[in-house]
Amino acid sequence: MRRAFACGRPEPLLASLRAAVRDREAEIEELCRAHFHYFIRAVDDLRSLLADADALKGSLSASHSALLSSAAPLLASLESFLAARSLAGNLSSALASSRRCVRLLALAARANAHLQAGNHGHYLALRAVDAIDRDLASGPEPLPLPTLRRMLLSVVPAVRAHAEREISREFSDWMVSIRAASRHLGQVAIGRSAAARQRQEELRSKHRPLEECITLDDDGVGDLDDFAAAAATADAADGTAAASFDLTPLYRAMHIHQTLALGEWFKKYYLENRKLQLTSDFDVIAATPFLESHQVFFSQIAGFFIVEDRVFRTGGGLTSRPDVDALWDAAVGKMVSVMKDNFSRMQTANHLLLITDYAALLSATLRRYGYPVGMLLDVLAKHRDKYHDLLLADCCRQVAEALAADKFDQMLMRKEYEYSMNVLAFGIQSSDITPAFPYVAPFSCTVPDICRIVRSFIEDSVSFMAHGGGGDTYAAVKKYLGRILSEVVDASIQKLVDSGSGLSVSQAMQVAANMSVMERACEFFTRHAAQLCGVPLRAVERGRRDFPLRRSRDAAEALLLRLLRAKADEFMRQSDGVNWMADDPPPGGNEYANEVIIYLETLTSTAQQILPLPVLRRVLVAVLAHISERIVDLFLNDSVKRFNANAVTGIDTDLKMFEAFAEGMSSLFEDSDQESVKNEMKAALVEARQLVNLLMSNSPETFLNPVIREKNYNKLDYRKVAIISDKFRDTSESYFSTF
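The structure displayed is predicted, hence computed values, not measured ones.

About the criteria used
Residues numbered from 1 in each chain as written. Predicted model: local features only at pLDDT ≥ 70, side-chain atom pairs only at ≥ 80, totals over all residues. Heavy atoms only, no water. Helix = DSSP H or I, 4+ residues; strand = E, 2+ residues; numbered from the N terminus. Contact = heavy atoms within 4.5 Å. Areas by Shrake-Rupley, 256 points an atom, 1.4 Å probe, with all protein chains shown as cover. Core = buried A, V, L, I, M, F, W, Y, C linked by side-chain atoms within 4.5 Å. Buried < 20%, exposed > 50% of the residue type's maximum accessible area, 1.4 Å probe, protein only. pLDDT = per-residue confidence, 0-100. Salt bridge = Lys/Arg side-chain N within 4 Å of Asp/Glu carboxyl O. 1 Å grid on protein atoms, 1.4 Å probe; cavity = no way out; pocket = protein on both sides within 12 Å on 5 of 7 lines; lining within 4 Å. Points joined across faces, edges and corners; volume = space filled by probe spheres on them. Nonpolar A, V, L, I, M, F, W, Y, C, P; charged D, E, K, R; others polar.

**Description of the overall build of the protein**
For the protein, the helix and strand inventory stands at 27 helices and two strands. Taking the intrachain contacts of the protein between residues at least 6 apart in sequence as the baseline, contacts between residues at least 24 apart amount to 79%. Carbon and sulfur atoms make up 55% of the accessible area of the protein, which totals about 39,500 Å².

Below you can see the structure in the form of structure tokens.
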């Protein structure tokens, strides 16, 4: 069709189309006719439907009228409900705001009441203020009253600042009060440590008699050790009661600062203030001598660290272990420095012991709280030699004074308590039977005086070693006991003996008698030291040593012998009255011999009361030997030019008197073999006897026979015999002149 119209010749096409239309008109008419019938039928249906619609419309109109008449009251009620609901919402909002304001005001009133209650209410006041602050910060809406909000926002910081000022003031007051309380607390704690130590010593002394019969357990620990451990546990529990002090202000300050979000700052502030307090405590010893202030100094430090231990354990993290250790290290360093400085300048043992004992109590007290005290004990142990040197110097002075004041007479005791105090207390009695009073002791007053000095030295040494000396207490005490006996007692007596000091024979005899008593006293010293150190006596008896005063004992015996020899020489000088060319022998011997015999008998009667028999035996033997030498010297004396047989007979009579005296003295030694004693004493006179026998012999030429000389004249010196024989040449005595 487009091409046809485009070519300009649409007629053929139109013609064909008209032909087609004509062909289809019949069909169209038929179709239209059919559809027209359907349309007519539909119009009829619509007309019937229209009638029904009109009926329905009437019914709906009636229903609508009825609905309108019934819904009018409901609409009125709905409008009233909505108005009431809006009013209720407004009232609820107003009530919530009112309740919030009332709650805030109540919190403010509570905070005010707590503030008025004083320091005890600051924490509760801050809690109330924190509640106000949280309400203001977390509320869904701001307060409807701007004035109230502004007032609360300005008051909350002011309350916090006020609480901080007040609690800081209270904390400062507590810091001042705790310093004074620490000193008292330290004194109480150290006093309880001293009491606990005293109780342990008393318990140990009560159980010392059981040491020898104690039964060891399977693990080698005795019953007494278990008892001591139980006692130590009880003492430790008792010592913890010393920490009864009030830390409430500190806890309150800590909690309030934590509430103010200043917890870390407060920890640093507390630690700095405690460091300053510890430094100021060190200044206690600066103003006064250490001897006078050491107890206050140690008590202050002990109380300080007892408080710190309680704060560490109950402070909720206020202090840490490194902080406490740093404070303790500073305190130990200061105490060590102070003790070293003062110990180096001290010259009195009692002062050193006093300070050492208190420092040991401080160490024992703080050890219970877990503080390491090794450095303190090391300082005490390092100065034990200095302490004992000072103690030895004091004892040396006391021993010298005791020896200088003694007249070396036998000590007289009139009462039993004197005997107990001077004899039984030191175990120097010779018998377990109590003597009758008044009692004359075989020693002088020096012996109990020296015993008291040595016993005091032992007790002071044990006290020092047990509480601050460290190491094996008994071994150290035994070493220092040996020093006082050898360096002080032995040296002082030997000095006295060597100097002579104008001692008479009786005084020298008393000194020698004292030495025999001191031998028993030395055994007591060893046992006493062992008992104080808790060492069984059976162990001490196994380890006994030689007599430590043997040098002074030997010197005293040597002095006695020297004086006795001098006295014998004094009597022997009376031999100038001997008639060496007498016509007849003296009937009763020479006068000097009688004087010597009388003196020796008098001396022996006194000596046997005070001197031990072995000493008396040695003295008598030595004196007789000296008399024998002096008799020989009589013949050798240059003043004797010649002598005859009568003079020899007189000397023989003198010698027989001395031999009779020796035989009589042997009866004194009942505990020994009297025959051997008699032989020993007579052997002391053997040189003089052999000389007299030779001079009185009918065949003196036998002296030239070596066999006979060794048998009968073995004590004679041939040179002396030659000199004497020259003086004895007498033509009237042809039997000796040939020799």
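**Details of the nonpolar core**
Of all hydrophobic cores here, the largest spans 178 residues; its most connected members are Phe298, Phe305, Phe525, Leu611, Ile631, Phe635 and Phe643. A per-element tally of this core places helix H17 (residues 505-533) first, with 15 residues. Residues contacting Ile631, with those up to four places away along its chain left out, are Met572, Tyr592, Ile651, Leu655, Phe658 and Ala688.

**Here's the deal with the confidence of the model for the protein**
On average, residues of the protein carry a pLDDT of 78, and 83% of them reach 70 or more. Averaged pLDDT values over the elements of the protein bottom out at 43 in helix H5 (residues 223-239) and peak at 87 in strand S1 (residues 412-413). In the predicted structure, residues 212-243 sits below a pLDDT of 50 and forms 40 contacts with residues beyond four places in sequence or in another chain. Counted against residues more than four places away or in other chains, residues 731-735, with its pLDDT under 50, gives five contacts.

**Looking at the pattern of salt bridges**
What the rule picks out here adds up to 21 salt bridges. Glu308 is the partner of Arg274 in a salt bridge, and the nearest nitrogen-oxygen pair spans 2.6 Å. Taken as a pair, Arg274 in helix H7 (residues 263-282) and Glu308 in helix H9 (residues 290-314) lie far apart in primary sequence, 34 residues in all. Like Arg274, the residue Glu308 is buried in the burial classification. Across the pair Arg553 and Asp554 runs a salt bridge whose closest N-O atoms are separated by 3.6 Å. Look at the salt bridges and you will find they share partners, linking Asp652, Lys656, Glu659 and Arg689 into a network.

**Topic: the environment of Val511**
By the element assignment, Val511 lies in helix H17. Using a relative accessible area of 3% as the deciding quantity, one classes Val511 as buried. Setting aside residues no more than four positions away along its own chain, Val511 makes contact with Phe408, Ile493, Val497, Leu503 and Ala556.

**A look at empty space enclosed by the protein**
What the rule picks out here adds up to five cavities of 30 Å³ or more. Size it by volume and the largest cavity reaches roughly 60 Å³. At the level of elements, helix H15 (446-469) and H17 are the ones that each hand at least two residues to the lining of the largest cavity. Per-element tally for the lining of the largest cavity: the top contributor is H17, with four residues. Classifying every residue of the lining of the largest cavity by side-chain character gives eight nonpolar, two polar and no charged.

**Quick look at unusual backbone geometry**
The residue after Phe437, namely Pro438, is reached through a cis peptide bond having omega 0°. The topology assignment puts Pro438 in the loop between helix H14 (416-422) and strand S2 (439-440). With a phi angle near 55°, Phe408 is a residue other than glycine that sits in the positive phi range. Mapping Phe408 onto the fold places it in the loop between helix H13 (384-405) and S1.

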